[in-house]
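The residues making up each chain are set out below.
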Amino acid sequence: MTHFDAAAAAVQAALDAGARYADARVMHRRTESMSARNGEIEELNQDEDAGVGVRALVGSGWGFYAVPDISDAAARAAGTRAAKIAAASATVPGPATGLIPLPPASGSWSSPCEVDPLGVPLSEKAALLVGLTTTMREHGADVAESHYRVWDTAKWFVSSEGHRVDQRFRECGGGITATSIGEGESQRRSYGNQYGTRGWELVTGLDLPGNAARVATESRELLTAPPCPAGETTLILGSEQMALQIHESVGHAIELDRILGWEAAYAGTSWLDVRKLGNMRYGSPLMNITIDPTIPGALGSFGFDDEGTPAAMRYAVREGVWVGVLAGRDSASVAGLDYAGSVRSDGWARLPMVRMTNVGLTPGPHTLDEIIAATDDGILMETNRSWSIDDRRLNFQFGCEIGWEVKNGKRGRMLRNPTYTGIGPTFWQSMDMLSSEVTDWGIPNCGKGQPGQTGHTGHPAAAARFTGVRVGVTG
């Protein structure tokens, strides 16, 4: 019995049990992670699982059921059970759930991979991590840590509308962290922490050994650096911090299930109102945010989402105006939209839901050096250390690992414990300079849903400048 056969059997069983629509995903996943601390391997994890998850739609109710077995009997039983759960859910009064039209797709897709991450010997990976922590310790770090993570996932998708799609994702990434301990506080500097749908060449391309000494030295220097001053100033954010800024204050806010209130119980809602889509100003004219799962090697890339919708780029914000959302076929139907394509699950045992793909900024007209040179008085901040944002994704406060004064167009002294705060649209409307130097940052631990799911999202980002921002916030 092939993987497609198992998915097809589950779909047919759901239809036989009364579903008007059904789809199934067979998934096989292997994972591996390793971490080192202070010259020794601390942890090695390897895992492998497989199973089939089935969605069924009856009236207004979705049903989902999953089993760790892809035999014909198990797949059919799962399909039948999913339809029964849907029928029970459909007893709640309400109109039948609609799905926007989607032509049936048939095809294969795989992420680019030059060096199979799981094919690299464990001894070679361990030597890399141990060497990195040893270098950081030699350059002043009290605690030196390094890590990598690998995912290898194969999917086979079948729907009652005729979809038949298979995909393979090889994802990996890694990073280093140095912590220095002083009197009454500690300071941390990290590097790497990049993830993507690529092979081990992504990790080697980070040049972690070439940055280990710098990271440790900066963590030690931060202990005696002056604190970030409090007040209102011009803020320059490095691209890594910009990636998280996009993720928290744009990516989650444009998830249509949040906007419709479907996620309110756990992950919160959104300050956005779908009735203002297409005419509400989100940011300055420099703000162009795309939803683009077609970027080669980015962590949020795929060929088809988990409803079988082919990957396609569209704008979420264009020249500062909110024009698009992350949507699924059912939420798009409720909102009166004609596109979906942003539904994924983190495994065969989880119900697919609206998730970020690659949500990021298109390049601006400047460089980081030009932004600094054009700034008379401001602060440059890099690399997230802490974050807080309300459940409407509107009011936020972020702390960064490191900051620098910018005076008369030059980067000056280092600052410790830099923080900034803002309100989403006010903050984005103050962006007046944006770099052309875009980096694809991946966030592999985005939480959402009940039961909880961990999503892999990508965020193309570049350094940017914002005016009139409150910094040095401590409460």
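Residues numbered from 1 in each chain as written. Predicted model: local features only at pLDDT ≥ 70, side-chain atom pairs only at ≥ 80, totals over all residues. Heavy atoms only, no water.

## So, the environment of Leu202
Assignment of secondary structure puts Leu202 in helix α4 (residues 201–205). Each C-alpha atom of the pair Leu202 and Pro117 lies 9.5 Å from the other, and the pair is 85 residues apart in sequence. The contacts of Leu202, once residues within four sequence positions are left out, are Cys172, Gly173, Gln194, Tyr195 and Gly196. (Helix = DSSP H or I, 4+ residues; strand = E, 2+ residues; numbered from the N terminus. Contact = heavy atoms within 4.5 Å.)

## Quick word on the pattern of salt bridges
If you walk through the whole model with that rule in mind, you get 26 salt bridges. Linking Asp23 and Arg55 is a salt bridge whose minimum nitrogen-to-oxygen distance equals 2.8 Å. Here Asp23 is found in strand β1 (residues 21–37), whereas its partner Arg55 is found in strand β2 (residues 40–58), with 32 residues between them in sequence. Its relative accessible area of 0% is what places Asp23 among the buried residues. Connected via shared salt-bridge partners are Arg188, Arg189, Arg214, Glu218 and Glu401. (Salt bridge = Lys/Arg side-chain N within 4 Å of Asp/Glu carboxyl O. Buried < 20%, exposed > 50% of the residue type's maximum accessible area, 1.4 Å probe, protein only.)

## Considering the layout of surface pockets
Of the volumes computed, that of the largest pocket is approximately 840 Å³. Forming the walls of the largest pocket are 32 residues, and the residues nearest its centre are Leu244, Asn384, Ile443, Pro444 and Asn445. Mapped by element, the contributors of at least two residues to the lining of the largest pocket are β5 (143–159), β7 (186–196), α6 (239–251), β16 (377–389) and β21 (439–448). Counting residues per element, the lining of the largest pocket draws most heavily on β21, which supplies eight residues. Residues that form the lining of the largest pocket fall into these classes: ten nonpolar, twelve polar and ten charged. (1 Å grid on protein atoms, 1.4 Å probe; cavity = no way out; pocket = protein on both sides within 12 Å on 5 of 7 lines; lining within 4 Å. Points joined across faces, edges and corners; volume = space filled by probe spheres on them. Nonpolar A, V, L, I, M, F, W, Y, C, P; charged D, E, K, R; others polar.)

## So, the packing of helix α1 (residues 3–16) against helix α2 (residues 72–89)
Interaxial distance between α1 and α2 falls to 7 Å at its minimum, and their mutual angle equals 35 degrees. Note on packing geometry: the crossing formed by α1 with α2 is right-handed. Residues Ala6, Ala9, Ala10, Ala13 and Ala14 of α1 touch α2, and the partners they reach there are Asp72, Ala75, Arg76, Gly79, Thr80 and Ala83. By residue class, the composition of the contact of α1 with α2 is seven nonpolar, two polar and two charged. (Axes fitted to C-alpha atoms, helices over the stretch in contact; angles between N-to-C directions. Left-handed = near helix turned anticlockwise from the far one by under 90°.)

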